[in-house]
Structure formats: structure tokens, C-alpha cells
Amino acid sequence: MNVMDFFWIFLMISALQPVLSRKLLEAARQRMIAKIEKKRDSRVIVLIHRQETMSLLGFPLVRYIDINDSEEIIRAIQLTDPHVPVDLVLHTPGGLVLASLQIARAIHRRPGKVTVFVPHYAMSGGTLIALAADEIVMCPHAVLGPVDPQVGNRPAASLLRVLSRKQPADMDDETLILADVAEKAVDQVRHAVQELLSDKMPPEKAAQVAGLLSEGTWTHDYPLTADKAIEIGLPVRTDMPDEVVQLLQLYPQKRPGGSVEYIPTPYRQHPSQKGLTGI
């Protein structure tokens, strides 16, 4: 071999290395998902958005819950027998209310148990999804967040407070329109949260918690720790399985092809009622 042969071999290996690394990482994720499913007798669905990932040109790549995510998660749920438990791993800053509510309602209507795991954070729309689960498992350091809606990049609850302190004659038309939309948005989210909590606590308590989370009690990025979530009445525990934490570590960067991952086969409950089978 001459020098040019070594050069071309080096070039080919360099070109293939990122592809091979990605394939190995994806295989490791699938193995860990399968390991958790076997241990817990469940369907595992992963929804992870990495905000810290950088794009090709150096600009932050913003990832959030969108319609593609809701389509994929609902599809995964449809592929799962209604009585097979579902474990949803969340790591997200939030996203569209529409997409988050679609996922939350699909979870809420399942007869089988749904557990949401939050190893690090599930803010805003992520919290909305977590509220639909039968139980939420958080690491001691993990956080949820308020679900107060945002209108025109402004907190809806703050727009309503401005409206209550000023006369309409002193406000421009755009502010009045935003305040009207804000009132509807807060009311819609409050009722949605109350609906999601309706099977977990008495109606009066569900209404109280829904108001606390949706009406601007805290800033939108306020971290609700596991202790605080338990204090306000959410079904939270902190015995996070090590495998779930290890799974999160297998998502160090943005993956091509989407944010949701699961083993894409229908799951049916075993006739003995003591397991599940993939078809």
C-alpha cells in the first residue's frame, strides 16, 4: 500500500464512524428499553427533547412537544393492549398545548396503569402529560412545572391581571384582544387539568390543584420539586429505577428521525394475565 491508499482508507473510516456510532447508540437504547419492559412487564415509550443540542450553524436547536410527538405516542398506545401497563419516560421543556393534551387524554383514558418517569425535568406541557398518569416517579432532584398557558409570548394570567387593574378605555385594542384570548386559554387549561386529576382526588381538591397550576401562581419556569408536588397532592414517588436513569444517559444528542422511541410491534396481554407478548 502507498500513502494514498492509507489516506483513502482513513477517509472512509472517518466518514463511516458517525454512522456506526449512531447505530450502536440506537441499539443500546433499544436494549435498555427492552430490559425495562421485561423487568416491569410494560410497554416503554420515550419522549426526550434535548435543548442543549446545537445545530450545524451553531444556533441552539429548540425541541418541544409537537403534533408529530402526539401522533407517535398515540400510535404506540394503540399498538398496546389496553390492559398492558405503559411506562412513559419524559425529559422535555414542554411544547404545544394541543399536542400535550392529545397525549394526556390518550393516557388518561387507558384502562391499564400508566406510570410517568421524570429523571430530570418535565415542564409545562410535559407536566400536563404527567398529570394524566396513574403515578409519577421522579428523581429527588427532578422537577415539574406550572401549566399556565402563554399567549403571544406573554403569560396569560399576567395579561388578565393587567386587565383587572386598568380600565378598558386605557388599553389598546391588541392588549384587549390578548386578554380575551388569555381568559379563554386559562379557563381551558384549568378545566383540562381538573379533568386529568378527576380520578386521583376529590372534585374540590382537583379544582384547587388545577387552579394552582394553571392560574399563574408561580412563574412559568418555576421548578416544582417532588416534595412540592407531593405537598399539593400529586401522585408522586421518588423510587426511580436505575435503568430509567441509564436510559436517559443514552440520549446525549439529537437523534435524526424524531424524539419518540418504542419497539414498534403490537403488544397483547398474555392469556395467563401475567405477562405480555409482542406480535
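Participant: Explain helix H2 (residues 67–78) to me, please; I cannot follow it from the model alone.
Facilitator: An α-helical segment advances 3.6 residues per turn. Residues three or four places apart therefore align on the same side. A rise of 1.5 Å per residue sets the reference length of H2, with its 12 residues, at 16 Å; its end C-alpha atoms lie 16 Å apart and thus fit the reference within 8%. Turning to H2, its buried residues are Asp69, Ser70, Ile73, Ala76 and Ile77. The arc that holds the buried residues of H2, viewed along the axis, is 130 degrees, so those residues lie on one side. Counted as exposed and oriented over 90 degrees from the buried face of H2: Asn68 and Gln78. Those residues of H2 that are buried lie in contact with strand S1 (43–48), strand S2 (86–91), helix H3 (97–108) and strand S11 (260–261). Between the side-chain oxygen of the N-cap and the backbone nitrogen of Asn68 there are 3.2 Å, and the N-cap of H2 in question is Asp66.

Participant: For this particular structure, what's the right way to read the sheet that holds S1?
Facilitator: Adjacent strands of a sheet pair through backbone hydrogen bonds, lying either parallel or antiparallel. Spatially, 6 strands are ordered S10-S5-S3-S2-S1-S11 in an open sheet, and the strand pairing comes out mixed. In the strand order of this sheet, the two ends are held by strand S10 (236–237) and S11, each with one partner.

Participant: What am I meant to see in H3 here?
Facilitator: In a regular helix each residue adds 1.5 Å, so 12 residues correspond to 16 Å; H3 covers 16 Å between its end C-alpha atoms and thus fits that length. Of the positions making up H3, those classed as buried are Ala99, Ser100, Leu101, Ile103, Ala104, Ala106, Ile107 and His108. If you follow the buried residues of H3, they end up packed against H2, S2, strand S3 (114–118), helix H4 (125–131) and helix H6 (173–197).

Participant: Can you walk me through the sheet that holds strand S9 (residues 224–225) in this structure?
Facilitator: An order of S4-S6-S9 is seen for the 3 strands of this open sheet, with the pairing classed as mixed. Every interior strand has two partners, whereas the edge strands, strand S4 (121–122) and S9, have only one. As paired elements, S4 and strand S6 (residues 143–144) share 2 bridges and run parallel to each other. The residue bridging Ala122 from the neighbouring strand is Leu144, located in S6.

Participant: Please clarify how the layout of surface pockets should be interpreted in this entry.
Facilitator: If you roll a probe as big as a water molecule over the atoms, it shows you where there is empty space left. Of the volumes computed, that of the largest pocket is approximately 410 Å³. Along the walls of the largest pocket sit 23 residues, with Gly95, Val97, Ser124, Pro149 and Gln150 positioned nearest its centre. When contributions to the lining of the largest pocket are tallied by element, the ones reaching two or more residues are H3, H4, strand S7 (150–151) and H6. Examining the composition of the lining of the largest pocket, we find that 5 residues originate from one element, H6, more than from any other.

Participant: Which parts of the structure should I look at to understand the pairing of S3?
Facilitator: A regular strand places its side chains on the two faces of the sheet in alternate fashion. Across the 5 residues that make up S3, a large majority, 5, are buried. Of the pairings in the sheet, the one linking S2 to S3 comprises 4 bridges and is parallel in character. Pairing of Asp87 across the sheet is with Thr115, part of S3. The handedness of the S2 to S3 crossover, carried by H3, is right-handed. Pairing geometry for S3 and strand S5 (residues 135–138), over 4 bridges, is parallel. Directly across from Thr115, in S5, lies its bridge partner Glu135.

Reading guide: rules and limits
Residues numbered from 1 in each chain as written. Predicted model: local features only at pLDDT ≥ 70, side-chain atom pairs only at ≥ 80, totals over all residues. Heavy atoms only, no water. Helix = DSSP H or I, 4+ residues; strand = E, 2+ residues; numbered from the N terminus. Expected span 1.5 Å × (residues − 1). Buried < 20%, exposed > 50% of the residue type's maximum accessible area, 1.4 Å probe, protein only. Arc of directions from axis to C-beta. Contact = heavy atoms within 4.5 Å. Polar contact = N/O pair within 3.5 Å; in protein donor to acceptor, adjacent residues only side chain to side chain. Pairing = 2+ DSSP bridges. 1 Å grid on protein atoms, 1.4 Å probe; cavity = no way out; pocket = protein on both sides within 12 Å on 5 of 7 lines; lining within 4 Å. Points joined across faces, edges and corners; volume = space filled by probe spheres on them. Right-handed = clockwise from strand over helix to strand, strands pointing away.

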